[in-house]
Amino acid sequence: MILSTLISRKARLMHTITFFANKGGSGRTIATMALACGFLAQGKRVAVMDCTDQAGCNPNGPHPSTLQNWMRQMAACKFRPPQLELIECQTPGEVEDCAAAADARGIDILLIDTAARIREPQIAALGIAELVIAPAISPFEARCILDGIDEYLGPTEDVMCLVNGCRNGAPEATETRRTFGHFAVFHSELPSAEALSDQILNGDIGHFTASLACRPDKPGFARYREAQDAWTAVQRLAFEVEFALNGHRLELFDGHSAYPIKRKAVA
Ligand SMILES: Nc1ncnc2c1ncn2[C@@H]1O[C@H](COP(=O)(O)OP(=O)(O)OP(=O)(O)O)[C@@H](O)[C@H]1O
Ligand SMILES: [Mg+2]
């Protein structure tokens, strides 16, 4: 009896991830939406919490929020409650109550998008996070985030940085990763891609990729290939985030193994 209670409690445990960047345009919202798609593809129940200045917009008014627009497109891709929910919070109390209610409803993953200006609701969102993901689209954002981590989070092992959407390709991504210094950085990166930047127009990245699918000799193949690469990167990141939530880190395989079988990565 006791054992089954423990098991059912464990099975309902919700993971909470908060996106943090004390600089606007760092890619928090893009990464939030992308990771939601990645976890939905794994069959998880996902709630996205809007803890930005757009929270509380009228979805039917002239200016719905970014996440409200995205939810509309996700619904068109058949991702609706209870599989995917949008929660909007404007006060610390709402953040804590809504997170507890989402857990009780059986949500598997709560992803919290925050504003660049860190005020009380954002501090509450960071406070309840099991994992804080700090995305940067260039070394400049990464430098700002380093200062922000010192200022708002202090010494913590629960922050993981993310190289996301570097427009100038691999050299900029490498420099962004290097700028994060001693902080843990996900090995998986999100590329700069239309499939990611246009999520509020297209909804689910997997559906968008499928809608572009064509053979290599057909017009539009480059677009399809870019979307497919982005979708693969999103799914890879979702798995790496799940490893991180379970306390594991991917390490690069250096070619030396204590085991006779060669392993490409260890978790
Ligand atoms: N992976 C990516 N691929 C392409 N473009 C990207 C990617 N990530 C971010 N961007 C672009 O960078 C810009 C900022 O992204 P986003 O809105 O997610 O940042 P933010 O941190 O949420 O900013 P804000 O302070 O406005 O809330 C957007 O215009 C988006 O198109
Ligand atoms: Mg945003």
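Here's a quick rundown of the structure. (Residues numbered from 1 in each chain as written. Chains lettered and ligands numbered in written order. Predicted model: local features only at pLDDT ≥ 70, side-chain atom pairs only at ≥ 80, totals over all residues. Heavy atoms only, no water.)

## A closer look at the packing of aromatic side chains
Within this structure, the stated rule accounts for two aromatic pairs. The interplanar angle of 65° and the centroid separation of 6.3 Å between the aromatic rings of Phe20 and Tyr152 together place this pair among those described as edge-to-face. Here the residue Phe20 occupies a position in the loop between strand E1 (15-19) and helix H2 (28-41), and Tyr152 occupies one in helix H6 (residues 139-153), the gap between them amounting to 132 residues. For Phe20, a relative accessible area of 0% translates into the label buried. Where Phe221 meets Tyr224, the ring centres are 5.9 Å apart and the plane angle is 55°; that geometry is what we call tilted. Residue Phe221 and its partner Tyr224 are both found in helix H11 (residues 221-245); the two are separated by three residues, about one turn of the helix. Among the residues examined, Tyr224 registers a relative accessible area of 15% and is labelled buried. (Phe/Tyr/Trp six-rings, centres within 6.5 Å; stacked < 30°, edge-to-face > 60°. Helix = DSSP H or I, 4+ residues; strand = E, 2+ residues; numbered from the N terminus. Buried < 20%, exposed > 50% of the residue type's maximum accessible area, 1.4 Å probe, protein only.)

## Quick notes on H6
Helix length check: H6, at 15 residues, gives a terminal C-alpha distance of 20 Å against a target of 21 Å (1.5 Å per residue), a fit within 8%. By the burial criterion, the buried members of H6 are Pro139, Glu141, Ala142, Cys144, Ile145, Gly148 and Ile149. Contacts made by the buried residues of H6 are with strand E5 (131-136), strand E6 (159-163) and helix H7 (169-179). Directly after H6, the chain includes Gly154, whose backbone phi takes a positive value near 70°. (Expected span 1.5 Å × (residues − 1). Contact = heavy atoms within 4.5 Å.)

## With respect to the pairing of E5
The buried fraction of E5 is high, at six of six residues. Sheet topology note: the E1/E5 ladder contains three bridges and is parallel. When the bridges of E5 are listed, Ile17 appears paired with Leu131. Of the pairings in the sheet, the one linking E5 to E6 comprises five bridges and is parallel in character. From the neighbouring strand, Ala134 faces E6, where its bridge partner is Cys161. This β-α-β element, E5 to H6 to E6, shows right-handed connectivity. (Pairing = 2+ DSSP bridges. Right-handed = clockwise from strand over helix to strand, strands pointing away.)

## Quick look at the pattern of salt bridges
Enumeration according to the criterion identifies nine salt bridges in this entry. Note that Arg119 and Asp53 form a salt bridge whose closest N and O atoms lie 3.2 Å from each other. Of this pair, Arg119 sits in the loop between strand E4 (109-114) and helix H5 (120-127) while Asp53 sits in the loop between strand E2 (46-51) and helix H3 (66-76), and the two are 66 residues apart along the sequence. Since its relative accessible area comes to 37%, Arg119 is described here as partly exposed. (Salt bridge = Lys/Arg side-chain N within 4 Å of Asp/Glu carboxyl O.)

## Quick notes on the packing of H2 against H11
The geometry of H2 relative to H11 is characterised by a closest axis approach of 8 Å and an angle of 80° between their N-to-C directions. By the angle between their axes, H2 is roughly perpendicular relative to H11. When H2 is examined against H11, the residues Ala34, Leu35, Cys37, Gly38, Phe39 and Ala41 are found in contact with a partner set consisting of Trp231, Val234, Leu237, Ala238, Val241 and Glu242. When the residues that make up the contact of H2 with H11 are grouped by side-chain class, the tally is ten nonpolar, one polar and one charged. (Axes fitted to C-alpha atoms, helices over the stretch in contact; angles between N-to-C directions. Parallel < 35°, antiparallel > 145°, perpendicular 65-115°, else oblique. Nonpolar A, V, L, I, M, F, W, Y, C, P; charged D, E, K, R; others polar.)

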